[in-house]
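# Residue-level structure breakdown
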Amino acid sequence: MSYKQTHYVSKAVDENGIAHYTEEENAVWEMLFERQRKIIENRACDEYIQGIELLNMSKDKIPQCKEISAALHKITGWELEPVPALIPFEKFFHLLANRRFPAATFIRTREELDYLQEPDIFHEIFGHCPLLTNPAYAEFTHMYGKLGLAASKEDRVLLARLYWFTIEFGLIRQHNQTRIYGGGILSSKGETVYCLEDPKVIRKPFDPIEVLRTPYRIDIMQPIYFVIDNFDTLFHLTSVDLISLIHEARELGEYDPLYAREGEENK
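Residues numbered from 1 in each chain as written. Predicted model: local features only at pLDDT ≥ 70, side-chain atom pairs only at ≥ 80, totals over all residues. Heavy atoms only, no water.

Another point: the sheet that holds strand 4 (residues 177-180). The strand order 4-3-6-5 describes an open sheet built from 4 strands, whose pairing is mixed. The open sheet terminates on both sides in strands that have one partner only, identified here as strand 4 and strand 5 (202-205). Ignoring which end each strand starts from, the neighbouring axes of this sheet average 40° apart. As judged from the 2 bridges shared by strand 3 (residues 171-174) and strand 6 (residues 224-228), these two strands associate in the parallel manner. (Pairing = 2+ DSSP bridges. Helix = DSSP H or I, 4+ residues; strand = E, 2+ residues; numbered from the N terminus. Axes fitted to C-alpha atoms, helices over the stretch in contact; angles between N-to-C directions.)

Here's what the structure looks like:
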């Protein structure tokens, strides 16, 4: 997704498609990888763990986009596309519609190890790429890109909620437990634990109309998550008229947010 501002600068790739990272940047990746791999144990869904194994990504240095692309392409036809830190929605949707997942080629600093508002290479590769090995998830993401390209600006606002509460912050029922599949959670130390264990969190069965009516903020721990039964739930959405559902949700109206709006926290 696109974000308003960033102070990070993506790495340019050379003629061979390689981004050259410093020892410090690779050290940050190693710290993040080792820490998050332990935290997601028994919290991430099976398909995500299988994807981690299939991609066989480097643990001690930042993987190259071309390496992850080669592995993904063999499995579901997807590839990674190195991009600047921020891209417009039009390009974002265009990439997804062509089975190319955008990856900003910078990594956070040690000072922002625990939280980063904009998506970095760790978020994109560790958070999202493992599940792009799953056919149902991959097809839903592809469909979302095509739908976004054709949608109006007004419809894209609600369409963003669908992405937020599935691809970024989705939960799934598995083994009589609630597990995680959203990349925004799986790349976050704090939210991985919070979303499953904090008693204040609301976890609701996934319903597309409910999702489309639910506002969110990108800079807080989510007060509400939606839980799918399995990845067939997402695959089913590829054959649904989502634009009609968006219009229905708009007519029903937006729910009151379960959080303070930006700038209201101290009022």
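It is worth spelling out the nonpolar core at this point. Ranked by size, the top nonpolar core spans 84 residues in total, and within it W29, Y48, M57, F126, L162, Y181 and F231 carry the most contacts. Beyond its immediate sequence surroundings of up to four residues, W29 is in contact with M57, S58, K59, D60, K61, I62, P63, I107, I121, F122, I125 and F126. (Core = buried A, V, L, I, M, F, W, Y, C linked by side-chain atoms within 4.5 Å. Buried < 20%, exposed > 50% of the residue type's maximum accessible area, 1.4 Å probe, protein only. Contact = heavy atoms within 4.5 Å.)

Looking now at the packing of helix 4 (residues 89-97) against helix 7 (residues 153-168). Running from N to C, helix 4 and helix 7 point in directions that differ by 50°, and their axes come no closer than 13 Å. Classed by the angle they form, the pair helix 4 and helix 7 counts as oblique. In this structure, the crossing between helix 4 and helix 7 has a hand that is left-handed. In contact with F89, E90, F92, F93 and L96 of helix 4, helix 7 contributes R156, L159 and Y163. When grouped by side-chain class, the residues that make up the contact of helix 4 with helix 7 number 6 nonpolar, no polar and 2 charged. (Parallel < 35°, antiparallel > 145°, perpendicular 65-115°, else oblique. Left-handed = near helix turned anticlockwise from the far one by under 90°. Nonpolar A, V, L, I, M, F, W, Y, C, P; charged D, E, K, R; others polar.)

Attention shifts here to the pattern of salt bridges. Counting across every chain of the model gives 17 salt bridges. Here R100 makes a salt bridge to E79, at a shortest N to O gap of 2.6 Å. One end of the pair, R100, is in strand 2 (residues 100-104); the other, E79, is in strand 1 (residues 79-83), and 21 residues separate them in sequence. Look at R100 and you get partly exposed, because its relative accessible area is 27%. Within the structure, one salt-bridge network assembled from shared partners comprises E79, E81 and R100. (Salt bridge = Lys/Arg side-chain N within 4 Å of Asp/Glu carboxyl O.)

Summed over the entire model, instances satisfying the criterion amount to 18 aromatic pairs. For the ring pair F93 and Y144, a centre distance of 5.7 Å and an interplane angle of 45° mean the geometry is tilted. Separated by 51 residues along the polypeptide, F93 in helix 4 and Y144 in helix 6 (residues 135-150) bring together distant segments of the chain. Assessed through its relative accessible area of 1%, F93 is described here as buried. Summarising the aromatic geometry, the rings of W164 and F169 are spaced 4.6 Å apart at their centres and angled 35° between planes, so their arrangement reads as tilted. Its relative accessible area of 7% is what places F169 among the buried residues. These aromatic residues form a ring-pair network of at least three members: W29, F33, Y48, F122 and F126. The cationic tip of K204 hangs over the ring face of Y255; the distance from NZ or CZ to the ring centre is 5.8 Å. In this structure, R213 packs its charged tip against the face of Y255, placed 4.1 Å from the ring centre. (Phe/Tyr/Trp six-rings, centres within 6.5 Å; stacked < 30°, edge-to-face > 60°. Lys NZ or Arg CZ within 6 Å of the ring centre and 35° of its normal.)

Side chains on a regular strand alternate between the two faces of the sheet. Examined bridge by bridge, strand 1 and strand 2 share 5 bridges and lie parallel to one another. The residue of strand 2 that forms the bridge with V83 is A104. As for the winding sense of the linkage, the β-α-β connection from strand 1 through helix 4 to strand 2 is right-handed. (Right-handed = clockwise from strand over helix to strand, strands pointing away.)

As a packed pair, helix 1 (residues 23-39) and helix 5 (residues 121-128) sit with axes 11 Å apart at the nearest point and diverge in direction by 35°. Crossing of helix 1 against helix 5: the hand is right-handed. Contacts between helix 1 and helix 5 pair W29, L32, F33, Q36 and R37 from the former with I121, F122, I125 and F126 from the latter. Each residue belonging to the contact of helix 1 with helix 5 can be placed in one class, and the counts come to 7 nonpolar, 1 polar and 1 charged.

Let us look at empty space enclosed by the protein. Throughout the structure, instances matching the rule amount to 2 cavities of 30 Å³ or more. Size it by volume and the second largest cavity reaches roughly 30 Å³. What lines the second largest cavity is V13, G17, A19, Y21, P63, Q64, C65, T105 and I121. (1 Å grid on protein atoms, 1.4 Å probe; cavity = no way out; pocket = protein on both sides within 12 Å on 5 of 7 lines; lining within 4 Å. Points joined across faces, edges and corners; volume = space filled by probe spheres on them.)

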